[in-house]
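Residues per chain, in single letters:
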Amino acid sequence: APLQVSGPAAGLTVLVYSTIEKFGFPMAGSIFVVAGLIQLVLGVTKVARFAKFMPVSVVHGMLAGIGILITISQLRILSAESRWGIAISLATMAIALVWQRLPWRIVPHFLIAVVGATLLSEFVPSELTRVSVPNNFLGSLHSPTWHWGDRAGPALGAAFVIALIASIESLLSALATDKWHSKP
């Protein structure tokens, strides 16, 4: 759908990071599973029907806040001392803007921009920070741990917060999309 909103939201990204940092990756995995189960319960009980009473200004404020967070989080790249980092950042934005205006937009412009930036980064000096992927990637993954022990209270609290924030961001984004699509 041309107006579908998907992907991680900025507020949720911060929560996921802090949960992993606080509880460790294996325990965070089980917290995320519990958060998903909480969301299923919220869906079955149809709690979301109350979202339609949310004022439009709240929806716009939430979306603007997410946009500002994303923009601010990316400014560190543009302010880096690396001229290649700045050049690739600007090239990525240019690719996205140009591709968006082309008539054959079968592939999303942001995907083309990321692929283009990745290809460009292969031709610049190695001063750029790159993502390091282990040789045995699957072997480096951890199974969720269900042994919460004396941390069960904080872990359950984190699961509820993640479930609620994820649900609210999804519902408000869906409301914004619905209101945008229904404009005359």
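Residues numbered from 1 in each chain as written. Predicted model: local features only at pLDDT ≥ 70, side-chain atom pairs only at ≥ 80, totals over all residues. Heavy atoms only, no water.

Chemist: It is not clear to me how the overall build of the chain should be interpreted in this structure. Could you clarify?
Modeler: In terms of helices and strands, the chain carries 6 helices and 0 strands. Order of helices (α) and strands (β) in the chain, N terminus to C terminus: α-α-α-α-α-α. Per-residue burial for the chain yields a buried fraction of 24% across its 184 residues. Counted over contacts in the chain with a minimum sequence separation of 6, partners at least 24 positions apart contribute 73%. (Helix = DSSP H or I, 4+ residues; strand = E, 2+ residues; numbered from the N terminus. Buried < 20%, exposed > 50% of the residue type's maximum accessible area, 1.4 Å probe, protein only. Contact = heavy atoms within 4.5 Å.)

Chemist: What exactly am I supposed to notice about the confidence of the model for the chain here?
Modeler: Detailed conclusions should not be drawn from predicted coordinates in areas where pLDDT is low. Chain-level pLDDT for the chain is 78 on average; 76% of the residues reach the 70-or-more range. Looking across the chain, the model is least confident in helix α3 (residues 56-78), with a mean pLDDT of 71, and most confident in helix α2 (residues 25-44), with 90. (pLDDT = per-residue confidence, 0-100.)

Chemist: Quick question: what am I supposed to make of the packing of aromatic side chains here?
Modeler: We describe a pair of aromatic rings using the distance from one ring centre to the other and the angle between the two ring planes. Scanning all chains against the criterion turns up 1 aromatic pair. Ring geometry for Trp146 versus Trp148: centroids 6.5 Å apart, planes at 20 degrees, classification stacked. Accessibility expressed as a relative area gives 12% for Trp148, which makes it buried. (Phe/Tyr/Trp six-rings, centres within 6.5 Å; stacked < 30°, edge-to-face > 60°.)

Chemist: Mind showing me how you'd approach the nonpolar core here?
Modeler: Note on soluble globular proteins: their nonpolar side chains tend to be buried together. By size, the foremost hydrophobic cluster in this structure holds 14 residues, and its most contacted members are Phe23, Met27, Ile31, Trp148, Ala155 and Ala159. Within the residue set of this core, elements represented by two or more residues are α1 (10-23), α2 and α6 (152-181). In terms of residue count, the dominant contributor to this core is α6 (6 residues). Residues within four places of Trp148 in sequence aside, it is in contact with Met27, Ser30, Ile31, Val34, Ala155 and Leu156. (Core = buried A, V, L, I, M, F, W, Y, C linked by side-chain atoms within 4.5 Å.)

Chemist: Help me out: how do you make sense of helix α4 (residues 83-100) in this one?
Modeler: Turn by turn, an α-helix covers 3.6 residues, leaving residues three or four places apart pointing in a common direction. Relative to the 26 Å expected for 18 residues at 1.5 Å per residue, α4 spans 26 Å between its end C-alpha atoms, a close match to the ideal helical length. Among all positions in α4, only Gly85, Ile88, Ser89, Ala96 and Trp99 are buried. End-on, the buried residues of α4 take up no more than an arc of 110 degrees, which puts them together on one face. Turned more than 90 degrees off the buried face of α4, the exposed positions are Arg83 and Val98. (Expected span 1.5 Å × (residues − 1). Arc of directions from axis to C-beta.)

Chemist: Sorry if this is basic, but what is going on with a nonpolar patch on the surface here?
Modeler: Together, Ile106, Val107, Leu111, Val115 and Leu119 make up a nonpolar patch on the protein surface, roughly 480 Å² of accessible area in all. Here Ile106 is to be found in the loop between α4 and α5 (109-121). (Patch = residues over 30% accessible without salt bridge, like charges linked within 9 Å, V, L, I, M, F, W, Y side chains within 5 Å. Areas by Shrake-Rupley, 256 points an atom, 1.4 Å probe, with all protein chains shown as cover. Salt bridge = Lys/Arg side-chain N within 4 Å of Asp/Glu carboxyl O.)

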